[in-house]
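So the chains spell out like this:
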Amino acid sequence: SRLERLLIRAAPFAPGEPLILAEEQRHKLDALATWAGRAGARSGGVTLLLYGPYGSGRRTAARRICARLDAPLLVADIAAAARSPHGFELLVDLCYREATLCGAALLWSGCEQLIEAETQAHRWDYLVAAAEQHAGLTFLSSEIAWDPAGRFRSRPFARVPFPAPGYDLRREIWEHYLASDPAISPLRGDLSRLPP
């Protein structure tokens, strides 16, 4: 019950679900899933920092990686953990316990809130230390990059950038979502008039 508003199970990435990314980024993502599976089997745990602006596809990418590894994905909200009366450190431990019991990967969303705030440095250190010890796959999802200086010396770690989509890719995203929702598809209009 302590995790009720903090931890959710992400919808699995469906076989026919589109992954609207540049082709090069899609290939890199598939290679990353293969690497994470092998590295995790060797070392017991892998941490991936997915960073980029809001809407750049970080969570969808994590779902795709989990689908390729045949693992469910749990998503934990940093902001909810930080304001919970149960204590941040306890909730981090409970989230990792739940991920272990479910055989799931764990994605921490909103990590930029801890990275940027100097007053939250102890919480970020605790979360990173827990990720280093976890015998599974951890995603740290952030809008900003982070340098793991002095960390992850004995565990595989990778920083994965998610740049804002270019004009053509943004148009493809608009076309996909406008066509898939009958309530708003009449608003589609001429997407070629969208500003670059």
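Structure shown above.
An account of the accompanying structure is given in this report. All of these numbers come straight from a predicted model, not from anything done at the bench.

### Regarding the overall build of the protein
For step 1, the next point in the chain: Summing up its helical and strand segments, the protein has seven helices and six strands in all.
For step 2, the next point in the chain: Listing the helices and strands of the protein from first to last along the sequence gives β-α-β-α-β-α-α-β-α-α-β-β-α.
For step 3, the next point in the chain: For the protein, with 196 residues in total, the buried portion stands at 44%.
For step 4, the next point in the chain: Put simply, of all contacts in the protein between residues at least 6 apart along the chain, 75% involve residues at least 24 apart.
For step 5, the next point in the chain: Within the structure as shown, the protein displays about 10,800 Å² of accessible surface, and the carbon and sulfur contribution to it stands at 52%.

### Here's the deal with the pairing of strand E2 (residues 46-51)
For step 1, the next point in the chain: Extensive coverage of E2 is indicated by the burial of six of its six residues.
For step 2, the next point in the chain: Neither face of E2 is exposed, since Val 46, Leu 48 and Leu 50 on one face and Thr 47, Leu 49 and Tyr 51 on the opposite face are all buried.
For step 3, the next point in the chain: Summarising the sheet, E2 and strand E5 (residues 137-142) pair through six bridges and their orientation is parallel. Within E5, the position partnered with Leu 48 by the bridge is Phe 139.

### Quick word on unusual backbone geometry
For residues other than glycine, phi is negative in most cases, and the peptide bonds are mostly trans.
For step 1, the next point in the chain: Backbone geometry at Asp 70 places phi at a positive 55°, although glycine is not the residue there.
For step 2, the next point in the chain: The class of Asp 70 is exposed, set by a relative accessible area of 73%.
For step 3, the next point in the chain: Residue Phe 152 is not a glycine yet carries a positive backbone phi of 55°.
For step 4, the next point in the chain: Positionally, Phe 152 belongs in the loop between E5 and strand E6 (157-161).

### Some details on the sheet that holds E6
For step 1, the next point in the chain: Strands sit in the order E1-E3-E4-E5-E2-E6 across an open sheet of six strands; the sheet is mixed. Whereas interior strands pair on both sides, the edge strands pair on one side only; in this sheet they are strand E1 (7-9) and E6. Within the sheet, the average angular offset between the axes of one strand and its neighbour, ignoring direction, is 20°.
For step 2, the next point in the chain: Relative to strand E4 (residues 105-109), strand E3 (residues 73-77) is paired through five bridges, and the arrangement is parallel. Along E4, the bridge assignment pairs Leu 73 with Ala 105.
For step 3, the next point in the chain: Docked against the sheet, helix H4 (residues 88-102) engages E1, E3, E4 and E5, running at close to 150° with respect to E4.

### Points about the packing of aromatic side chains
For step 1, the next point in the chain: The full count for this structure, using the stated rule, is four aromatic pairs.
For step 2, the next point in the chain: Here Tyr 96 and Trp 108 contribute two aromatic rings whose centre-to-centre distance is 6.0 Å and whose plane-to-plane angle is 50°, an arrangement assigned as tilted. One end of the pair, Tyr 96, is in helix H4; the other, Trp 108, is in strand E4, with twelve residues separating them in the sequence.
For step 3, the next point in the chain: Judged by its relative accessible area of 7%, Tyr 96 is buried.

### Some details on the pattern of salt bridges
For step 1, the next point in the chain: Tallying each qualifying case throughout the model produces four salt bridges.
For step 2, the next point in the chain: One salt bridge in this structure joins Arg 64 and Asp 30, with 3.1 Å as the shortest N-O distance. Remark: Asp 30 occurs in helix H1 (residues 23-43) and Arg 64 occurs in helix H2 (residues 58-69); sequence separation between them is 34 residues.
For step 3, the next point in the chain: Classification of Arg 64 as buried rests on a relative accessible area of 16%.
For step 4, the next point in the chain: Given the relative accessible area of 17%, Asp 30 is considered buried.
For step 5, the next point in the chain: For the salt bridge of Arg 68 with Asp 30, the shortest nitrogen-to-oxygen distance reads 3.8 Å. Here Asp 30 lies in helix H1 and Arg 68 lies in helix H2, a separation of 38 residues in the sequence.
For step 6, the next point in the chain: Judged by its relative accessible area of 46%, Arg 68 is partly exposed.
For step 7, the next point in the chain: One salt-bridge network, in which partners are shared between bridges, spans Asp 30, Arg 64 and Arg 68.

Definitions and limits used
- Residues numbered from 1 in each chain as written.
- Predicted model: local features only at pLDDT ≥ 70, side-chain atom pairs only at ≥ 80, totals over all residues.
- Heavy atoms only, no water.
- Helix = DSSP H or I, 4+ residues; strand = E, 2+ residues; numbered from the N terminus.
- Buried < 20%, exposed > 50% of the residue type's maximum accessible area, 1.4 Å probe, protein only.
- Contact = heavy atoms within 4.5 Å.
- Areas by Shrake-Rupley, 256 points an atom, 1.4 Å probe, with all protein chains shown as cover.
- Pairing = 2+ DSSP bridges.
- Axes fitted to C-alpha atoms, helices over the stretch in contact; angles between N-to-C directions.
- Phe/Tyr/Trp six-rings, centres within 6.5 Å; stacked < 30°, edge-to-face > 60°.
- Salt bridge = Lys/Arg side-chain N within 4 Å of Asp/Glu carboxyl O.

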